[in-house]
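These are the residues of each chain, in order.
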Amino acid sequence: MPDSGRAPVLSLSEVSAGYGPIQILHEVSLHIDEGEIVAVIGPNGAGKSTTFKVIMGLINHLGGDVVYLGHNLVGLRPDRILGLGLAYVPQGRVVFGQMTVRENLEMGAYLERDKSRIKEAMDYVFTLFPRLGERPSQVAGSMSGGEQQMLAMGRGLMMRPKMMMLDEPSLGLSPRLVDEVFDKTVAMARGGLTVMLVEQNAARALEISDRGYVLELGRNRYQGTGGELLDNPDVRAMYLGGGVRGA
Ligand SMILES: Nc1ncnc2c1ncn2[C@@H]1O[C@H](COP(=O)(O)OP(=O)(O)O)[C@@H](O)[C@H]1O
Ligand SMILES: [Mg+2]
């Protein structure tokens with residue numbers, strides 16, 4: 001696979017991890033270079049969400065290195081990792097349902113002390129997601145699924161991260177909102193964010209990604225540019241509904 005020539009922001013080298021004594025990830029290696037969108041795809045249960053959790057220090061690390069901008073993340077607490085500028089938007093549109101849009105966003109900046117930086121970050125979020133800016137006082141639990149997903153992504157931006165990890169952002173959304181989530185992901189990347197994207201919607205994810213990885217049973221299976229994976233007959237047959245690209 002050609003190297004992007006850019007500096008790696010995050011790299012995993014032969015990372016093994018699991019839940020308690022149960023090993024799920026087996027020597028997974030991947031890297032995300034500066035400014036890239038990198039997709040991680042694979043069947044249900046392949047270990048995609050588990051990969052995010054080990055990066056964030058949320059589960060049992062069994063071996064291998066996780067390096068983010070020169071910092072070894074292994075053993076660091078999740079809030080320290082967040083403080084290094086690595087944002088994580090978990091699966092399932094996790095928002096604080098009783099809180100307003102503004103309060104949810106403020107929670108995203110809880111490690112930031114400087115009020116003017118919080119305001120700048122919120123202004124950027126409202127520029128990127130105008131629908132949130134139109135209703136800062138709406139209670140998050142009363143918003144649509146798509147709006148909640150935008151809010152979860154917006155909250156992730158409040159720490160002004162260098163990189164964002166998005167777990168299944170399009171899951172369960174209507175086709176129009178799926179488009180919007182992918183468009184916003186591209187817009188965030190154009191704004192300078194490095195993005196690691198886990199998606200069931202593999203074809204769409206690869207279309208917007210520079211590169212991708214296919215995980216299977218907790219192991220690396222395929223990797224390549226978005227186009228290479230979209231054109232790979234095995235990947236197509238297994239994950240992209242078969243058929244020839246463009247047919
Ligand atoms: N909290 C947990 N405790 C034990 N096993 C888990 C837990 N969460 C996930 N698993 C298992 O880890 C494997 C990978 O899950 P996951 O990373 O969520 O897959 P994916 O996100 O690719 O669908 C699955 O076999 C799943 O059952
Ligand atoms: Mg998952």
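Residues numbered from 1 in each chain as written. Chains lettered and ligands numbered in written order. Predicted model: local features only at pLDDT ≥ 70, side-chain atom pairs only at ≥ 80, totals over all residues.

(A) Up close: the environment of Met165. Counting through the fold element by element, Met165 comes out in strand S7 (residues 163-167). Taking the number of C-beta atoms within 10 Å as the measure of exposure, Met165 has 24 and is therefore buried. In sequence terms Met165 and Phe52 are 113 residues apart; their C-alpha atoms lie 7.3 Å from each other. If we skip the residues at most four places from it in the chain, Met165 touches Phe52, Ile55, Ala87, Tyr88, Val89 and Met196. (Helix = DSSP H or I, 4+ residues; strand = E, 2+ residues; numbered from the N terminus. Buried ≥ 20, exposed ≤ 12 C-beta atoms within 10 Å, placed from the backbone. Contact = placed C-beta atoms within 7 Å.)

(B) Local environment of helix H7 (residues 175-190). For H7, built from 16 residues, the straight-helix expectation of 22 Å at 1.5 Å per residue is met to within 8% by its first-to-last C-alpha distance of 23 Å. Listed in full, the buried residues belonging to H7 are Val181, Phe182, Thr185 and Met188. End-on, the buried residues of H7 take up no more than an arc of 120°, which puts them together on one face. Residues of H7 that are exposed and point over 90 degrees away from its buried face: Pro175, Arg176, Asp183 and Arg190. Tucked into the core, H7 has its buried residues touching strand S3 (37-41), helix H4 (115-128), helix H6 (145-157), S7, strand S8 (194-198) and helix H8 (202-208). (Expected span 1.5 Å × (residues − 1). Arc of directions from axis to C-beta.)

(C) Focus on the packing of helix H3 (residues 101-108) against H6. Their axes nearest at 7 Å, the elements H3 and H6 cross at an angle of 40°. One finds that H3 runs oblique with respect to H6. Crossing of H3 against H6: the hand is right-handed. Taken together, the residues of H6 that come into contact with H3 (itself represented by Val101, Asn104, Leu105, Met107 and Gly108) are Leu151, Gly154, Arg155 and Gly156. Here the residues of the contact of H3 with H6 are counted per class, giving four nonpolar, four polar and one charged. (Axes fitted to C-alpha atoms, helices over the stretch in contact; angles between N-to-C directions. Parallel < 35°, antiparallel > 145°, perpendicular 65-115°, else oblique. Left-handed = near helix turned anticlockwise from the far one by under 90°. Nonpolar A, V, L, I, M, F, W, Y, C, P; charged D, E, K, R; others polar.)

(D) Fine view of the packing of H6 against H7. Between H6 and H7, whose axes approach to 10 Å, the crossing angle comes to 15°. On the basis of the axis angle, H6 is roughly parallel to H7. Here the hand of the crossing between H6 and H7 comes out right-handed. Of the residues in H7, those touching H6 at Gly146, Gln149, Met150 and Met153 are Leu177, Glu180, Val181 and Lys184. Within the contact of H6 with H7, the residues separate by chemical class into four nonpolar, two polar and two charged.

(E) How the structure looks around the site of ligand 1. Within the structure, ligand 1 sits among Tyr19, Ile22, Ile24, Gly42, Asn44, Gly45, Ala46, Gly47, Lys48, Ser49 and Thr50. Of all the elements in the fold, those that place two or more residues in the shell around ligand 1 are strand S2 (22-33) and helix H1 (48-55). It is H1 that provides the largest number of residues to the shell around ligand 1, a total of three residues. A per-class count over the shell around ligand 1 returns four nonpolar, six polar and one charged. (Near = placed C-beta within 6 Å.)

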